[in-house]
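Reading the structure
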Amino acid sequence: MPTAGVRRITLLTDFGTADGYVAAMKGVIAAILPAAIIDDASHEIAPGDIRSAAWALAGYWRLYPPDTIHVVVVDPGVGGPRRALVARIDDRFFVGPDNGVLTPVLVDASSATLVEIDPSLAGDVVSATFHGRDLFAPAAARLAGGVDPAVFGPTVFDPVMFDVPRAVRSDGGVEGVIMHVDRFGNLITNIPAHWVDGTLRVCVSSREVPVGRTYADVEPGQPIALAGSRGLLEIAVREGSAATTLAAAAGDRVVADAG
Amino acid sequence: MPTAGVRRITLLTDFGTADGYVAAMKGVIAAILPAAIIDDASHEIAPGDIRSAAWALAGYWRLYPPDTIHVVVVDPGVGGPRRALVARIDDRFFVGPDNGVLTPVLVDASSATLVEIDPSLAGDVVSATFHGRDLFAPAAARLAGGVDPAVFGPTVFDPVMFDVPRAVRSDGGVEGVIMHVDRFGNLITNIPAHWVDGTLRVCVSSREVPVGRTYADVEPGQPIALAGSRGLLEIAVREGSAATTLAAAAGDRVVADAG
Amino acid sequence: MPTAGVRRITLLTDFGTADGYVAAMKGVIAAILPAAIIDDASHEIAPGDIRSAAWALAGYWRLYPPDTIHVVVVDPGVGGPRRALVARIDDRFFVGPDNGVLTPVLVDASSATLVEIDPSLAGDVVSATFHGRDLFAPAAARLAGGVDPAVFGPTVFDPVMFDVPRAVRSDGGVEGVIMHVDRFGNLITNIPAHWVDGTLRVCVSSREVPVGRTYADVEPGQPIALAGSRGLLEIAVREGSAATTLAAAAGDRVVADAG
């Protein structure tokens, strides 16, 4: 375990902020570790949407420095039999319910050690509805203070993982799905961008979209397929929304072939 | 007055963020105290909704460590005769307009000292529309820097308090109201959860709801009454919204009786 | 160049938070400068709305202390020919695309030095869609760590500026436009508030609005024209929305005359 220097804590939840739940988590952290540095990742994940939380997390967890503590609480199963986890994955820490939200992190990682938080070691009474405040925030603060994950409880060898659809490549072309629609209406697929070049035509919603390098390669209002910021094929509309223009949504099929 | 170590500042407003008002407050704080640690509690309180701000604040103020400065600016009366306050309540500081938003804090506190901010001591010109920037942010920064509340002005003995409806208990049962509907559609009542057990039936919107311990005690889509995270009776729908399913809203009557 | 003490970084974007883009920027900053203090200004600027970002920025940039780094990424032209800028303006730093968003800052400044970020110096591969993560966050972190802006690339002498409509004053009165409608529905004009006094009547949307000092000068639901928090004439409705009540929007004409 590395020595503790500045260990930043990030928070990702579906709580919104207006009910005070996020502030309660921050208060618990600050009470344990007064100088804690807390970054809001987001609190605007749709309620209970574990896959969107996993998507967001995949985009930032490794950009933070080693020893960062990533707290992820999208927790529709709170109070039920689902386990509470602390994990150390590729030199970062993760804290949250065992509900599959770590799937893309684990798929991408070289090393992972997961531990179940034993609620009986949590000290004060733990509510049945708000483990973000009662289990996960204290665990994050203690990790940030240098505590070893092993103290929280027994090792977990079978974390919940959900299926991640994979794009397939054949002689004739490539087939994948839209994994995520972002705030701008960009359609982000599971197709590695380097699989597709200008010799292929990309089709989504029965519409052919040209392949380019940047939004500026087409006129405003026109669609383009390009390499997105995570190296995945993305369909965008310049200065517009591809989701609206192409009437497309997460789960829709995207193909690229020689036409 | 304790010595100043790390004094964290929390901000709760109805400003949203897009107009730059919140950033203006943060800038004023940073200019006075460059190393200030500022936590966003929320800026998504509905415009002018003092009671929702009071509800949110009640959920986190005491979880923060002693000497934290809680700034609460939901201020429809800005520029009018309402007073501007600095308070020290149970070892935390509070800053904001005197409009009742501290009611649940004061009801719950053991000790409270309140002071009116004398605008003539505020130094620069104070606008008639943005005391968050001109009075409250500077006061928060000065408190975080160790200034004594007494320097801000005269003591206030009659802070504005609003009525808080209380649940009533009789031989036959319990009666209360829905105090707050959260982002998940949970209906949080003013009934202490320990007043209700499985021998009572809970009714809201002419519908009987079973009493349980956790969301997982019912099937998805079904309602349940349980102890919420503040120790109050709460009606939830597993993986759904009780507000929608039961067509219930804040202010609605909730009863628990022997059936 | 002053020596680096605590250099706070502010972030203003149109990214929302749910997609993880903002957290990616924070992670990049933290990886370069682990103790960085990052303030969220806003991530709720409407997608691509450069003028609203400029408006928000104008309200806070100078309130922050010298050496603050203001990052502004509303960047519909990302990946195209638009330049990426680092600027030092009146002792603060600015980082973001060269798209006019600095217009009100530059109009108001005494001194400004702008530099184009040379992407070939940026080190790792720079994506065509997310310069917030790949160019602007690293630049902000390096500035916060004390790096001189000049190292980023060549000086820029012709930053993009957009036209800012100016109010005009004649013998008979004053004429301006609504520049911004805020979350509360306040209509903020480009008319200096000290141009208007009670001897003039203010008209917007064919309706005459009395001039006052504070919201409390009229009854709830009634409109009033007053000096807003930036010294500009503002039309508000007490405990209501002037935008709704007066059916007014940004760009609408506002006149003040002797009646």
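Placed above this text is the structure.
Residues numbered from 1 in each chain as written. Chains lettered and ligands numbered in written order. Predicted model: local features only at pLDDT ≥ 70, side-chain atom pairs only at ≥ 80, totals over all residues. Heavy atoms only, no water.

1. Brief notes about the overall build of chain A
- What chain A contains, in helices and strands, is 5 helices and 15 strands.
- Along the first, second and third principal axes, the C-alpha set of chain A runs to 65 × 40 × 35 Å.
- Classification of the 259 residues of chain A by burial places 57% in the buried group.
- Long-range pairs, those at least 24 residues apart, make up 67% of the contacts in chain A between residues at least 6 apart in sequence. (Helix = DSSP H or I, 4+ residues; strand = E, 2+ residues; numbered from the N terminus. Buried < 20%, exposed > 50% of the residue type's maximum accessible area, 1.4 Å probe, protein only. Contact = heavy atoms within 4.5 Å.)

2. Comments concerning the interface of chain B and chain A
- Counting residues at the interface gives 33 residues for chain B, matched by 36 residues for chain A.
- Summing the contributions of chain B and of chain A, the shared interface buries around 2500 Å²; its carbon and sulfur component is 54%.
- In this assembly, chain B and chain A are joined by 1 salt bridge.
- Of the charged contacts, one joins Arg 183 of chain B and Glu 44 of chain A as a salt bridge, the two residues approaching to 3.5 Å between their closest N and O atoms.
- For the interface between chain B and chain A, the tally reads 14 residue pairs in polar contact (both at pLDDT 80 or more).
- Elements with a minimum of two residues in the side of chain B that touches chain A: strand 2 (38-42), helix 2 (50-58), strand 9 (173-181) and strand 13 (223-227) of chain B. (Buried area = accessible area lost by both parts, 1.4 Å probe. Salt bridge = Lys/Arg side-chain N within 4 Å of Asp/Glu carboxyl O. Polar contact = N/O pair within 3.5 Å; in protein donor to acceptor, adjacent residues only side chain to side chain.)

3. Brief notes about the interface of chain A and chain C
- Every contact between the two is made by 33 residues of chain A and, on the other side, 36 residues of chain C.
- Summed over both sides, the interface of chain A with chain C buries roughly 2500 Å², with 54% coming from carbon and sulfur.
- On the chain A side of the contact with chain C, Leu 63, Arg 183 and Ser 229 of chain A bury the most area, a combined 27% of that side's loss.
- In this structure, the connection of chain A to chain C is made through 14 residue pairs in polar contact (both at pLDDT 80 or more).
- When residues of the side of chain A that touches chain C are traced back to their parent elements, those giving at least two are strand 2 (38-42), helix 2 (50-58), strand 9 (173-181) and strand 13 (223-227) of chain A.
- It is strand 2 of chain A that contributes the most residues to the side of chain A that touches chain C, 4 residues altogether.
- For the side of chain A that touches chain C, a count of residues per class yields 17 nonpolar, 7 polar and 9 charged. (Nonpolar A, V, L, I, M, F, W, Y, C, P; charged D, E, K, R; others polar.)

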